[in-house]
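# Working through the structure, step by step
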Amino acid sequence: MNPLLACPRFDLEATLESGQFFRWTRDGDAFDILRGLRLFRARQRGATLEVQGADRWFVREFFSLDHDLAVVEKGLRRDRSLWPALDACAGVRLLRQDPWECTAAFILSTASNIPRIARTVEAIARTAGRPVTLGSSAGQAFPRPAAMPGETALRKLGAGFRAPYLERAARLAAGGLLEEIAELDTDAARDTLQVMPGVGVKVADCILLFAYGRLDVFPIDTWIRKVMIRLFFRGRRVPDRAIRAFAQERWGDLAGYAQQYLYHWSRSGGLAFPRRPRVVAGNRE
DNA sequence: GGCCAGGTCCAAT
DNA sequence: ATTGGACATGGC
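The notes below deal with the structure included here. (Residues numbered from 1 in each chain as written. Chains lettered and ligands numbered in written order. Predicted model: local features only at pLDDT ≥ 70, side-chain atom pairs only at ≥ 80, totals over all residues. Heavy atoms only, no water.)

## Examining the environment of Gly129
- Within the secondary structure, Gly129 sits in the loop between helix H6 (114–128) and strand S6 (131–134).
- The sequence separation of Gly129 and Ala111 amounts to 18 residues, and the corresponding C-alpha distance is 25 Å.
- In contact with Gly129, other than residues within four places in its own chain, are Ile124, Gln140, Ala141 and Pro143. (Helix = DSSP H or I, 4+ residues; strand = E, 2+ residues; numbered from the N terminus. Contact = heavy atoms within 4.5 Å.)

Right, dumping it as structure tokens:
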């Protein structure tokens, strides 16, 4: 009844903690995961994944266990500058999230932070989502576009200035906008996503990378900008398009993984950004 | 308390 | 085409 599946080069915990997905909780050595309308539980033992509440196919798809991380790592290792990030992110995979859920979360992500995004997403689900259960644990799925609360309610739930964006985006999603995306090439898909209010280049790229498996996109946020400028542009300010062009040319279809590793690594304190020189007891650090 | 936060929108160069 | 400020809310 509980599927076991092989998961070579996979780190469940690190993947969930890498900031791409917000609907999970830890329960001892297991994780409760809400993906779309499904609640399932996963526990990793070495290269084996034990799952309750979802079939193998669903889990394999969600965790992108079909991605060949050996190829990803080998390709990215050509860049010495990526070694620390690669070492820190072994087994981190890009997920295939529910497109609407991912869209909503990243509309909420603008000028915010992970704990707050997760909190607001959770609040919306508690208010408007369908109850889902798995054995003794229970949760609420994130509401489908048509069931999203209105602007006023979203504000009360902590969406802030993003509330009207989210409401209008939900309307567009309910009209089928997100179903078109899969059929389009990446540039057209990005343009189409940006029709939704609150979705600019960065958010669109996150959606493409985290929900549609477009591994060639390279979302640039403040962390990535900082780390890329430091690693590859000698600390000189450059426009985002220069960073994108660089990533695209350098990493191609691996750019998405490069981004995720750089993001997770830098955010977990990896780069050891030189702190402002501190003067301590007359000694300079 | 002011500043910044997984940006985007809009108006003014 | 590029640049600057506003936008809610919360944490430090």
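Okay, back to it.
## What to know about the nonpolar core
- Core analysis: the largest hydrophobic core is formed by 71 residues, its most contacted members being Leu76, Trp100, Leu193, Phe218, Met228, Trp251 and Tyr261.
- Once residues lying within four places of it in the same chain are set aside, the contact partners of Tyr261 are Leu69, Val72, Leu76, Ala85, Leu86, Cys89 and Val92.
- Leu16, Ala54, Phe63 and Leu95 belong to the second-largest nonpolar core, a separate cluster that totals 19 residues. (Core = buried A, V, L, I, M, F, W, Y, C linked by side-chain atoms within 4.5 Å. Buried < 20%, exposed > 50% of the residue type's maximum accessible area, 1.4 Å probe, protein only.)

## Focus: the protein's contact with DNA strand C
- Around DNA strand C sit Ala111, Arg116, Arg119, Arg155, Gly160, Phe161, Arg162 and Arg241, and those are all the residues in its vicinity.
- Those atoms of DNA strand C that come within 4 Å of the protein belong to sugar or phosphate at a rate of 58%.
- Phe161 places a main-chain nitrogen or oxygen 3.1 Å from a sugar or linking oxygen of DNA strand C.
- Within the side chain of Arg241, one N or O atom sits 2.9 Å away from a phosphate oxygen of DNA strand C.
- For the surface near DNA strand C, the class distribution of residues is two nonpolar, one polar and five charged. (Near = heavy atom within 4 Å. Polar contact = N/O pair within 3.5 Å; in protein donor to acceptor, adjacent residues only side chain to side chain. Nonpolar A, V, L, I, M, F, W, Y, C, P; charged D, E, K, R; others polar.)

## Things to note about helix H14 (residues 255–267)
- Counted at 1.5 Å a residue, the expected span for H14 with its 13 residues is 18 Å, and the 18 Å between its end C-alpha atoms agrees.
- By the burial criterion, the buried members of H14 are Ala255, Gly256, Tyr257, Ala258, Gln259, Gln260, Tyr261, Leu262, Tyr263, His264, Trp265 and Ser266.
- One or two steps after H14, the chain reaches Gly269, where phi turns positive at roughly 85°. (Expected span 1.5 Å × (residues − 1).)

## Examining the pairing of strand S4 (residues 38–45)
- Two strands pair when backbone bridges link them, and strand S3 (residues 30–35) and S4 are joined in this way by six bridges, in the antiparallel orientation. Pairing of Arg35 across the sheet is with Arg38, part of S4.
- Between the antiparallel neighbours S3 and S4 lie two residues, among them Gly36 with a positive phi of about 60°.
- Across five bridges, the pairing between S4 and strand S5 (residues 48–52) is antiparallel. (Pairing = 2+ DSSP bridges.)

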